[in-house]
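Observations on the three-dimensional arrangement
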Amino acid sequence: MSLPATFVREWRSGSWDSQRRVLVLLCVGVLLAGLVSWTDYQKLPATTYFVWLLLGMLTLRFEALLPLTGFVLVVGLGAMVRAGPLTSSRAAVAATLLASAALILYQSSRQRSGLPGPLSEALLAELKARLQAQGTVPALPAGWTAQSAMIASHGADYAGDFLVAALSDDERRLDMVLVDVCGKGVAAGPQALHFAGALDGLIGALPPQELMRAANRFLLRQRSEESFATAVHVLVDLADGCWTVTSAGHPPALRYDAAAATWRLDGARGTALGVVAEPELVSSSGTLAPGEALMFYTDGVVESRDSDLDEGIGWLQRTAREAVARGFAGAAQRVLDQVSRGDDDRAVLILHRAT
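All figures in this text were calculated on a predicted structure; none of them were measured in a lab.

**Quick notes on the overall build of the protein chain**
- Each helix and strand in the protein chain was counted, giving 11 helices and 10 strands.
- When burial is assessed residue by residue, the protein chain has 45% of its 355 residues classed as buried.
- In the protein chain, of all internal contacts separated by at least 6 residues, the share reaching a separation of at least 24 is 68%.

**A look at the nonpolar core**
- Core analysis: the largest hydrophobic core is formed by 24 residues, its most contacted members being Leu 60 and Leu 68.
- Here the element with the most residues in this core is helix 4 (residues 62-83); it accounts for 9 residues.
- If we ignore the near neighbours within four places in the chain, the residues touching Leu 68 are Leu 23, Leu 26, Cys 27, Val 30, Trp 52, Gly 56 and Leu 60.

**Considering helix 4**
- The end-to-end C-alpha distance of helix 4, which contains 22 residues, comes to 31 Å, matching closely the 32 Å that a straight helix rising 1.5 Å per residue would cover.
- Within helix 4, the full set of buried residues consists of Ala 64, Leu 65, Leu 68, Thr 69, Val 72, Leu 73, Val 75, Gly 76, Leu 77, Ala 79 and Met 80.
- Structurally, helix 4 contributes buried residues whose contacts are with helix 2 (16-39), helix 3 (50-59) and helix 5 (88-109).
- Phi turns positive, to about 150 degrees, at Gly 84, one or two residues after helix 4.

**A short note on a negative patch on the surface**
- Taken together, Asp 306, Asp 308, Asp 310 and Glu 311 make up a surface patch of like negative charges.
- Relative to the elements of secondary structure, Asp 310 occurs in helix 10 (residues 309-325).

**Some remarks on helix 8 (residues 208-220)**
- Across its 13 residues, helix 8 extends 19 Å between first and last C-alpha, which sits within 8% of the 18 Å expected from 1.5 Å per residue.
- Buried within helix 8 are the following residues: Pro 208, Leu 211, Met 212, Ala 214, Ala 215, Asn 216, Phe 218 and Leu 219.

**Some thoughts on the sheet that holds strand 7 (residues 262-265)**
- The 5 strands are arranged 1-10-9-6-7 in an open sheet whose pairing can be described as antiparallel. The open sheet has two edge strands, strand 1 (144-151) and strand 7, and neither has a second partner. Pairs of neighbouring strands in the sheet enclose a mean axial angle of 20 degrees, with direction left out of account.
- With 3 bridges connecting them, strand 6 (residues 254-257) and strand 9 (residues 293-297) associate as antiparallel partners. Across the sheet, Leu 254 pairs through a bridge with Met 295, a residue of strand 9.
- Relative to the sheet, helix 10 contacts strand 6, strand 7 and strand 9, its axis offset from that of strand 7 by approximately 145 degrees.

**Digging into the side chain of Asn 216**
- Considering the arrangement of structural elements, one finds Asn 216 in helix 8.
- Under the relative-accessibility criterion, Asn 216 is labelled buried at 0%.
- Every residue in contact with Asn 216, bar those within four places of it in the chain, is listed here: Ala 272, Leu 273, Gly 274, Val 275, Val 276, Ala 277 and Pro 279.

The rules behind these values
Residues numbered from 1 in each chain as written. Predicted model: local features only at pLDDT ≥ 70, side-chain atom pairs only at ≥ 80, totals over all residues. Heavy atoms only, no water. Helix = DSSP H or I, 4+ residues; strand = E, 2+ residues; numbered from the N terminus. Buried < 20%, exposed > 50% of the residue type's maximum accessible area, 1.4 Å probe, protein only. Contact = heavy atoms within 4.5 Å. Core = buried A, V, L, I, M, F, W, Y, C linked by side-chain atoms within 4.5 Å. Expected span 1.5 Å × (residues − 1). Patch = residues over 30% accessible without salt bridge, like charges linked within 9 Å, V, L, I, M, F, W, Y side chains within 5 Å. Areas by Shrake-Rupley, 256 points an atom, 1.4 Å probe, with all protein chains shown as cover. Salt bridge = Lys/Arg side-chain N within 4 Å of Asp/Glu carboxyl O. Lys, Arg positive; Asp, Glu negative; His and termini not counted. Charge placed at Lys NZ, Arg CZ, Asp CG, Glu CD. Pairing = 2+ DSSP bridges. Axes fitted to C-alpha atoms, helices over the stretch in contact; angles between N-to-C directions.

Any functional reading would require information that these geometric values do not contain.
Put into structure tokens, the structure is as follows:
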């Protein structure tokens, strides 16, 4: 790996060693600029030193940005004073440089992650990628397809809806959990990632109801009024099509009846996770015949301010019937495209057994 690439990789780690290297590099740059300014101030006047402040804000933590800012002010203002009398225009430049330095330091001190802006963005992007990777359904045996579609509220890239899936080594048992954590969009992203990591370590290792109860205990241990979620778990035997759905406060699943070409309501119900120590969990079971499917979704798909839940589910049944009439491929996204834009996250998951 080349030296610049190694340097960038170390900087992305956010370590103090990498921060010191960046600080030294920037200080050397400021010093070289200062030599030019002291020799010929017109070539590099004090206004050009804003660039060093901006570079520091983009690459350094607050603790490393402090000495750089002080060095920039000393060199830049020193060069200005040496160049001649302090005119009104130079005084204005000096005041602007000082005000800019104060604003940049204030902004850096407010970074909750403790990292400079680009590193914080890189961290968020990595968290998003991990959450999406956890929600990828493994490749299924011939005759089965699974598809999901998700949209975060307000067009954000981070949502409180997520999917966790696991396929057994013999490719016979498929476990999937669709979760809707408390909160919306970016605000729910960290909690969703935390909870997804816990479920990812449990799915496939515990029976459905035990998995739900373990997830409930995990949320209760967070000791937060907002640490609750609804979830639906589906366990499918891909050899014979037998399925079990366990719901914890989630909207009812839908089963596609191929003979009647309609989506029917499933009876699994339950209590949301993270609310009480012993949630009520009711499971349902059945067998998917060739051509049939199961659909799971979050409340953002069926709830709105001007209609109740039953009306929303009825709308979804009609919309989903029209979507699969064009074939199951892409049906989840077609359903989601028909949902009115709202202030809640939205997710649809469809598991289909081909004919």
